[in-house]
Amino acid sequence: MDKLQHRKQVSKLIYDRTPMDLAELAVAEAVRMKPLPGNRTATCVTAEGWADASKLTWEVRANSRQHYRRCRKRSFLCFRWGRCADNAVRSYKYSPLTFLPLTLFEQFHRVANIYFLLMVVMQSVPAISSLRWYTTAIPLILVLMVRGLKDLASDLARRKSDSQINSQSCDVLDSQRFCTVMWKDLCVGDVVRVHKNQIIPADLLLLCSSEHYSLCYVETADIDGETNLKYRQALSITHNELTSEPSEKGLADFDGVAFCEEPNHRLYTFRGYLRWRGEDHVLNNEHILLRGTVLRNTEFAYGLAVYAGADSKILRNCGKLRVKLTHVDRLLNKVVIGIFVFVLLLSFFMAIGHGVFESQVARDAPALSALTPNGDFIYSAFLTFWSYVIVLSPLIPMALYITFDVVHVVHSLFINWDVEMRWEKNDSPARARNTSLNEQLGQVGHLLSDKTGTLTQNHLLFRQCCIAGRIYGDASISVEETQQMDLSWNPFASGQLFMSAPELVQQLKARRCPFSKEFFTALALCHTVMPERSKEGIAYKASSPDEEALVGAARDLGWVFHSRTRDNLTVLELGVTREYRVLAHLEFTSQRRRMSVLVREPGGGLKLYCKGADMVILERLLSGCPCLEDTERALESFAQACLRTLCVAVRGVPEELWEGWSKILTQAETMATSERDSTLETLYEDMECDLLTVLNTKAMLCTHMQLLGATAIEDRLQEGVPETIEMLRKAGLKIWVLTGDKTETAVNIGYFSKLLDPDTSLLEGQELREILHSADPGYSVSKARQADAWCVNKEMVWAKTALVISGPELAEFDKEPGIGAKLMGLAAQCQSVLCCRVTPGQKADIVQLIRKHSSSITLAIGDGANDVNMIKTAHIGVGIAGVEGGQAVQNADFSLAQFRFLQRLLLVHGRWSYRRISFFLLYFIHKTCNFALVNIWFSFFNGFSAQSMYENWFIAMYTAMYTSFPIQLFALFEQDVSAEGSLRCPELYKVGPRHQLFNPLTIAAMLAQTLFTSLVFFFIPYGVFHDSPLDYQTMAVTVSMAAIFCVDAEIVLLTRYWTLFNAIFLCISFSFFFSVTRLTQQPRLFLLAPDDYFFVGVSEKAFADPLVWLTALLAGWTAALPALIAFTVNIIISGPDKHRVHTISTPQLTEFRSKVKRIDSGRRSPRATSRTAGKGDVITSGTARHRGEPLLEDKLTADNGAIDLKMMPRDRRLPPLPPREPKPCEARV
């Protein structure tokens, strides 16, 4: 009994070693004062003796519902009181009482809204008001209403979701019986009963369960994305006392008090102790059931609510997401700031002009001098300055931001609705989780991709293994051609073992090789897999596909992992049941890159089984280890075949050594967290090192680690990966692959995925160091290559060179100042970059390095938890919904089911969005500024009096109604090239990464055109009406008509993809101007409000005068002349046969098949290609017609993205795609 208790202590201590990883095995009970083997005693670990006991200030009394109801947190307005949160989720922000003040408070955090509110206030001051207050108030109210309604709709959706969560039911103990209550009514201190497959309603301290030793199994997929089951276990004291008489009375009499940390966000740590019946029992994370996890494989479990609602760990982690600003957003903010400064400068100069006019001209005219306040022209100029700030306020586009938000949301919906990016196998659509990054998808310059599960399927097959230096299996034979071995003698065989090694089977059945026995014993024991038994047999739940493949292979070959309990693992070895006592479990982490399990065999011996990355295991072997050279050669051949490798080793542990380790483990229990982790890390290194000098092959008992062999697992490329990478490379993206695999494996995957061309040379190792450490920054080719590069251009040399860097080299370069910039300069010249043996932290560092030394937009794509840092660091994060859980998707901005959908996300949606939004912003600013600048030219003829050129209602309606709908529909539906054309000609994408459509130059050109347009708007009507009887008001209506004609003509010239909505709303906006103008200039309205409707009957006469129409048409079309000239020149230059992506009706299907021919045939692996060579789906677009596609911005040259399809080689011309009628359910984007 003492030994059993001792092993329970050590098991608990080992698990507590890695609180940042959810342990797969449950922790045994707390260390108590009990005799240990060898007549030793352990220090009593009590709350008083614990170093961190002073921090345990959160007290939870069991069955004290009334007490915690009184302590519940409450609030009223800004007042808060109470200590414990209730269990209700409140993610909504508004209530009927707080909606209006809160939404206004949030919206006036925007500087633009505050600016326009000040304009409304200033317009209400008669001394400086040059416009009526409603000219700014109406657009401001519309903007606030639209955004407020948008926020309200989102909040109502959150409130509905909260209601669904809060109304879920759970069983709570009340007066010696369990009652069903809603989640929101649960309190801290309640005893809760959870049934199988139910979600845990709060953070619970596990008291007991229906399983032996009060074990229970939980699924944490909603917390950490891991789909494997995890152990949780109750304290032995609560297990023994509360399950001896399993009744409600025993639970109702439970009066324990839990002391623990204050509520915090740390999911993987819990520190506390349970005080019951005068004794303290240490608690940690293995005794806690977190809210949001699901109870599995356990009929029921009882728990004490420790943290509820907002205090629970999962809700403490629901922080605000970091807002990502796009390049367009940042540039737009600078433009708006520039416009604001321009308004102030113009107002200042106009005020000076007014002061000069008042002092030099008005004083000689009695009628004018009488208008000067108190005859003080300086004071008059001061008032005029503020009047001009009001007059020129329309220069700042008020409605731009809200329209921008709506466009972003709709673009995101188009991504969600795109059936071409839906994976039919599991009905997984693409999802835009961040609605503000759409246009940035069209500007990506660097693509950083994980390999496993992102480029590959992550559906792993056990293909080969090396045992004692001998290789079994042949990976050169495809899976489909592999002859199945006769495993009928094994009732547990799954039929999914695609390895042909009959000699290995015979060897195992005859029990001739002890190495083979130990090898498969290690695979059956060293893992975190959970077995699930059903009528069909045993199914394994694993945290990674690697473990599932390894344990499954051991099962098929006769080593069946059968069951797991708190302390035991049961394995059926060729039909013989063997039970192993688990003493310690050293888990896999991204830093350790290995895992180990220490077990006691049925015969009483102690062994440590270890598996991990070959680099980590081999460096822990002692020199002279048998079969080391043969195993290294096998690893090399596995890597050349693009197989994933792991090394397996075993170590015999003498009882004396184990007792020494256990003493250190016992002492570590009372240490502070940081000191304890350091001590255990040193101990683990000692347990897993010094791998063999002397081996007793008979008993397989050694005092050092013995290398048993290596495994080789195949992970084939996903469908369409080579074609996608080739297309993205043509689009100009620099592709980096970041992986933890061996260099040889990554390089071979690079060739088969078309990341590397067959004639690509690799720059790595010493040659790379020479270049990075050379004194000449322009050093382009190393001395080793100068002999081969004498006859070619330097750029051509680098175009066929790929950079290969390992994780240790990155760590080495990181310590040297200046190397990062050189490395980025070198990588920019190379074809692609492969980073091998990198850790998750290094992946994020690489993204940060690119962002630091380049202005390029980065996109990171991955599928696992180890990719989260990289995804969050990049400008855009894309998560693949694979088999490694959901953490990558949960932290990503966009989610895809397959890597191949990335081509459509970037080349179609990204390019469309970038082009739409770029022209939308340029046009919106242009149309807003051109009509407002007319007031400047008018000022030279009105004595700089800040009189407005327009009617008040025209100013209020121009941006919000008269010109808003056509450009909004353009921003939603415009397509210069169809989806098929964008995919056929990926070079069109290069416009985005080069920022050719929205940059300071295009903005300056737009502002110059705006200046010209405003001059035309004013001076053509002024020249026509100068000697005519028409008055100022008629001229104002004429200028308004010219502005409407101009902006409508420009949107017609700009639009290439016409839909019914575009045509209808263009006509509505055009007619809306004439109808509203006639309405606001009615004489009856003048009688009601003379100050607001002083254009009495002007439009009635102006609209009937041919001179007004001719003048407005002349001014409008002259102002639109630059756009017309650009449109015409573009057609002439592009021509009917050049720079155009044709849609040919001849049917020809595209196959997703890799056609790369490798130079080194020794490294070729047919398994590293697409899983199937099927026919790709044909991509369709909308039914409306395209005009002259592509035109202005797609006139590319050889260096800036030129595409002359006539000049392209015949074999590179665009393949035709067959026409296809869209399905009724498809969204036409």
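What counts as what
- For every chain, the first residue of the written sequence is number 1, and numbering continues from 1 onward in sequence order.
- The model is predicted, so local features are restricted to residues of pLDDT at least 70 and side-chain atom pairs to those at 80 or more, both for listing and for counting; the totals for chains, interfaces and linings are taken over all residues.
- The basis for every side-chain value is the complete set of non-hydrogen atoms in the structure, without hydrogens or water.
- UniProt positions are given in the numbering used here, feature names are shortened, and annotations may be inferred rather than shown by experiment.
- Starting at the N terminus, helices and strands are each numbered in turn, a helix being any DSSP run of H or I of at least four residues and a strand any DSSP run of E of at least two.
- For a helix, the expected span equals 1.5 Å multiplied by the residue count minus one.
- Between buried and exposed lies partly exposed: a residue is buried under 20% and exposed over 50% of the maximum accessible area for its type, with that area taken using a 1.4 Å probe on protein chains only.
- We call two residues in contact whenever any of their non-hydrogen atoms come within 4.5 Å of each other.
- Residues belong to one nonpolar core when they are buried, are Ala, Val, Leu, Ile, Met, Phe, Trp, Tyr or Cys, and are joined through side-chain atoms within 4.5 Å.
- If DSSP finds at least two bridges between two strands, the strands pair.
- Any Lys or Arg side-chain nitrogen found within 4 Å of a carboxyl oxygen on Asp or Glu counts as a salt bridge.

The name recorded for the protein chain in an unreviewed UniProt entry is Phospholipid-transporting ATPase, from Merluccius polli. Heading Cofactor (unreviewed entry) of the UniProt record for the protein chain holds this comment: "Mg(2+)". UniProt, in its Sequence similarities (unreviewed entry) section for the protein chain, records the words "Belongs to the cation transport ATPase (P-type) (TC 3.A.3) family. Type IV subfamily."

Over its 21 residues, helix α38 (residues 1060-1080) extends 30 Å from the first C-alpha to the last, a length consistent with the 30 Å expected when each residue adds 1.5 Å. Buried within α38 we find Asn-1062, Leu-1066, Ser-1069, Phe-1073, Phe-1074, Val-1076, Thr-1077 and Thr-1080. Contact partners of the buried residues in α38: α33 (952-962), α34 (964-973), α37 (1032-1054), α39 (1083-1088), α40 (1098-1102) and α41 (1106-1119).

Let us look at the nonpolar core. In globular proteins that are soluble, nonpolar side chains generally tend to be buried together. Leu-921, Met-949 and Met-1041 are the most contacted members of the largest nonpolar core, which has 109 residues in total. Broken down by element, this core gets its largest block of residues, 14 residues, from α37. Other than its neighbours up to four places away in sequence, Met-949 contacts Val-934, Asn-935, Phe-938, Phe-1018, Tyr-1032, Met-1035, Ala-1036 and Val-1039. By size, the runner-up hydrophobic cluster in this structure holds 52 residues, among which are Ala-430, Leu-728, Leu-834 and Leu-905.

This paragraph deals with the UniProt feature "transmembrane region" (unreviewed entry) in the protein chain. Residues given the UniProt feature "transmembrane region" (unreviewed entry) here are residues 331-357, 377-404, 920-941, 953-973, 997-1020, 1032-1053, 1060-1080 and 1107-1133. A distance of 34 Å separates the end C-alpha atoms of residues 920-941, which is 86% helix and 0% strand. Secondary structure over residues 953-973 splits into 95% helix and 0% strand, and the C-alpha atoms at its two ends are 30 Å apart.

This brings us to the sheet that holds strand β9 (residues 203-209). In space, the six strands of this open sheet follow the order β7-β6-β8-β17-β9-β15, with antiparallel pairing throughout. What marks the edges here is a single partner per strand, and that holds for β7 (178-182) and β15 (288-289). Judged from the five bridges that link them, strand β8 (residues 191-195) and strand β17 (residues 300-307) form a sheet pairing that is antiparallel. Bridge pairing in β17 places His-195 opposite Phe-300.

Time to look at unusual backbone geometry. Positive phi, close to 55°, is recorded for Arg-277, a residue that is not glycine. A positive phi angle is found at Asp-427, which is not glycine, with a value near 55°. The residue Asp-427 is located in the loop between α13 (400-417) and β18 (431-432) in this model.

Here the focus is the environment of Cys-985. Checked against the element boundaries, Cys-985 lands in the loop between α35 (979-984) and α36 (1000-1025). Cys-985 sits 258 residues away from Met-727 along the chain, and the two C-alpha atoms are 8.7 Å apart.

With that settled, consider the pattern of salt bridges. Going through the model one piece at a time under the given rule, you end up with 40 salt bridges. Residues Asp-280 and Arg-275 are paired through a salt bridge, measuring 3.0 Å at the closest nitrogen-oxygen approach. Take Asp-280: its relative accessible area is 8%, and that puts it in the buried class. With relative accessibility at 33%, the residue Arg-275 sits in the partly exposed group. A salt bridge links Arg-581 to Asp-567; the shortest N-O distance between them is 3.9 Å. In this pair, Arg-581 is assigned in strand β26 (residues 576-586) and Asp-567 in the loop between β24 (559-564) and β25 (568-573), connecting sequence segments 14 residues apart.

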